[in-house]
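Fold and contact review
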Amino acid sequence: MQFDILTVFTDYFDVLKCSLLGKAIDDGKLSVNVVDIRDYSQDKHKKTDDAPYGGGAGMVMTPDPIVRAIEAVDPKHEALRIYMSPRGKTLNQAKVEKLAKRERILLLCGDYEGIDERVIDLCIDEEISIGDYVLTGGELPALVLVNCVARYVDGVLGSSESTSEESFSDGLLEYPQYTRPEVYRGLKVPEVLLLGNHSDIRRWRKQRSLEITMQRRPDLMAKTDIKPYMPQKPKKKRK
């Protein structure tokens, strides 16, 4: 999979050289092309922003450098072009898995007060948000999207089970995880995980996922067909 990332702050994406994504890039399983929008500015000072028409605080990114950059990077419109924007549809796990099926994704990062709307009209396929809050720019959202989607690219993770048994994979939050030592500061690993009965472990994990989801994200339960396990009260014996 290839990501083309258009930004005026290219240093943000140095973090992609780290950890599993860095290894995936080195191994050729993932391609990330970070493009400086300033390189496509025809202003002698490489300016990419200007005051908004109609007034208002801040500056708006001008259309020409962005459009030129997109057309240079993706001249045949082969990539899915996404603008990272707080007014876009919220990124969720279903959307991540859908995006992971694409061969190429172009991400446009806006900054300041955003970008000229004509860039969206001319070049963008969709807008995506990572949550109901506003950041200083689109670089962090772009990093979040790349990280989420890249995990589904073959060979990026060590095991396919890493994406099949985690939060949101079945509409629930993930069950608790434990490793050595068996007892730490008085807290013991649940006994069911020590006995090696895999069917019991699966049931325990499912039950804990249900409990945690109900406690922390009851809204997720409403979106699934899974019903929480409710223990039946013992019937009173007749005298």
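Our structure is the block above this text.
Here the structure is a predicted model, which is why all the values come from computation and not from measurement.

Moving on to the overall build of the chain. Summing up its helical and strand segments, the chain has eight helices and nine strands in all. For the chain, with 239 residues in total, the buried portion stands at 38%. For the chain, the computed accessible surface area is about 15,500 Å², with 50% contributed by carbon and sulfur atoms.

Bringing the packing of aromatic side chains into the picture now. Given two aromatic rings, their pairing is described by the distance between the two centres and the angle made by the two planes. This model, assessed by the stated rule, comprises zero aromatic pairs. Positioned above the aromatic ring of Phe 9 is the side chain of Arg 38, whose terminal nitrogen or guanidinium carbon lies 6.0 Å from the ring centre.

Formed by 27 residues in total, the largest nonpolar core has its most connected members in Phe 3, Leu 99, Leu 107 and Leu 145. Secondary-structure elements contributing two or more residues to this core are strand S1 (2-7), helix H1 (19-26), strand S5 (80-90), helix H3 (93-99), strand S6 (104-109) and helix H5 (139-150). The element best represented in this core is H5, accounting for six residues. Not counting the four nearest positions on each side in its chain, Phe 3 is found in contact with Leu 30, Ser 31, Val 32, Asn 33, Ile 105, Leu 107, Leu 145, Val 146 and Val 149. Within the second largest apolar cluster, 19 residues are counted, among which are Leu 6, Ile 37, Ile 70 and Tyr 83.

What follows concerns a nonpolar patch on the surface. On the surface, a nonpolar cluster with roughly 540 Å² of combined accessible area is contributed by Phe 9, Tyr 12, Tyr 112, Tyr 133, Leu 135 and Leu 140. Tracing the chain through its elements places Leu 135 in the loop between strand S7 (126-129) and H5. Residue classification places Leu 135 among the partly exposed residues on the basis of a relative accessible area of 37%.

Next up on the list: helix H7 (residues 198-216). Under the 1.5 Å per step criterion, the end-to-end length of H7 is 27 Å for 19 residues, consistent within 8% with the ideal 27 Å. Turning to H7, its buried residues number three or more, namely Ile 201, Trp 204, Ser 209, Leu 210, Ile 212 and Thr 213. Elements in contact with the buried residues of H7: helix H8 (218-221).

Summarising the element assignment, Lys 95 is placed in helix H3. With residues up to four places along the chain from it excluded, the contact list for Lys 95 reads Glu 126 and Ile 128.

What follows concerns the pairing of S5. Bridge count for S5 against S6 is five bridges, and the pairing is parallel. The residue of S6 that forms the bridge with Met 84 is Cys 109. Taken together, S5, H3 and S6 constitute a β-α-β crossover, and its handedness is right-handed. Examined bridge by bridge, S5 and S7 share five bridges and lie parallel to one another. Within S7, the position partnered with Ile 82 by the bridge is Glu 126.

Before going further, it helps to examine the pattern of salt bridges. By the definition in use, this model includes 16 salt bridges. Among the salt bridges present, the one from Lys 23 reaches Asp 27, with a minimum N-O distance of 2.9 Å. Residue classification places Asp 27 among the partly exposed residues on the basis of a relative accessible area of 41%. Close ionic contact of Asp 74 with Arg 104 constitutes a salt bridge, the shortest N to O distance being 3.6 Å. Residue Asp 74 is located in the loop between helix H2 (63-73) and S5, and its partner Arg 104 is located in strand S6; the two are separated by 30 residues in the primary sequence. Residue classification places Arg 104 among the buried residues on the basis of a relative accessible area of 15%.

The subject of this paragraph is the environment of Glu 78. Along the chain, Glu 78 falls in the loop between H2 and S5. In this structure the C-alpha to C-alpha distance between Glu 78 and Ile 105, which are 27 residues apart in sequence, comes to 8.6 Å. Separated by 3.4 Å, the side chains of Glu 78 and Arg 104 make a polar contact.

Time to look at H1. Every buried residue of H1 is listed here: Leu 21, Gly 22 and Ala 24. Considered in projection along H1, the buried side chains sweep an arc of 160 degrees and stay on one side of the axis. Looking at H1, the residues exposed on the side facing more than 90 degrees away from the buried face are Ser 19, Lys 23 and Asp 26. Where H1 is buried, its residues contact H5. Within two residues after H1, Gly 28 carries a phi angle of roughly 80 degrees, on the positive side.

Cut-offs applied
- Residues numbered from 1 in each chain as written.
- Predicted model: local features only at pLDDT ≥ 70, side-chain atom pairs only at ≥ 80, totals over all residues.
- Heavy atoms only, no water.
- Helix = DSSP H or I, 4+ residues; strand = E, 2+ residues; numbered from the N terminus.
- Buried < 20%, exposed > 50% of the residue type's maximum accessible area, 1.4 Å probe, protein only.
- Areas by Shrake-Rupley, 256 points an atom, 1.4 Å probe, with all protein chains shown as cover.
- Phe/Tyr/Trp six-rings, centres within 6.5 Å; stacked < 30°, edge-to-face > 60°.
- Lys NZ or Arg CZ within 6 Å of the ring centre and 35° of its normal.
- Core = buried A, V, L, I, M, F, W, Y, C linked by side-chain atoms within 4.5 Å.
- Contact = heavy atoms within 4.5 Å.
- Patch = residues over 30% accessible without salt bridge, like charges linked within 9 Å, V, L, I, M, F, W, Y side chains within 5 Å.
- Salt bridge = Lys/Arg side-chain N within 4 Å of Asp/Glu carboxyl O.
- Expected span 1.5 Å × (residues − 1).
- Pairing = 2+ DSSP bridges.
- Right-handed = clockwise from strand over helix to strand, strands pointing away.
- Polar contact = N/O pair within 3.5 Å; in protein donor to acceptor, adjacent residues only side chain to side chain.
- Arc of directions from axis to C-beta.

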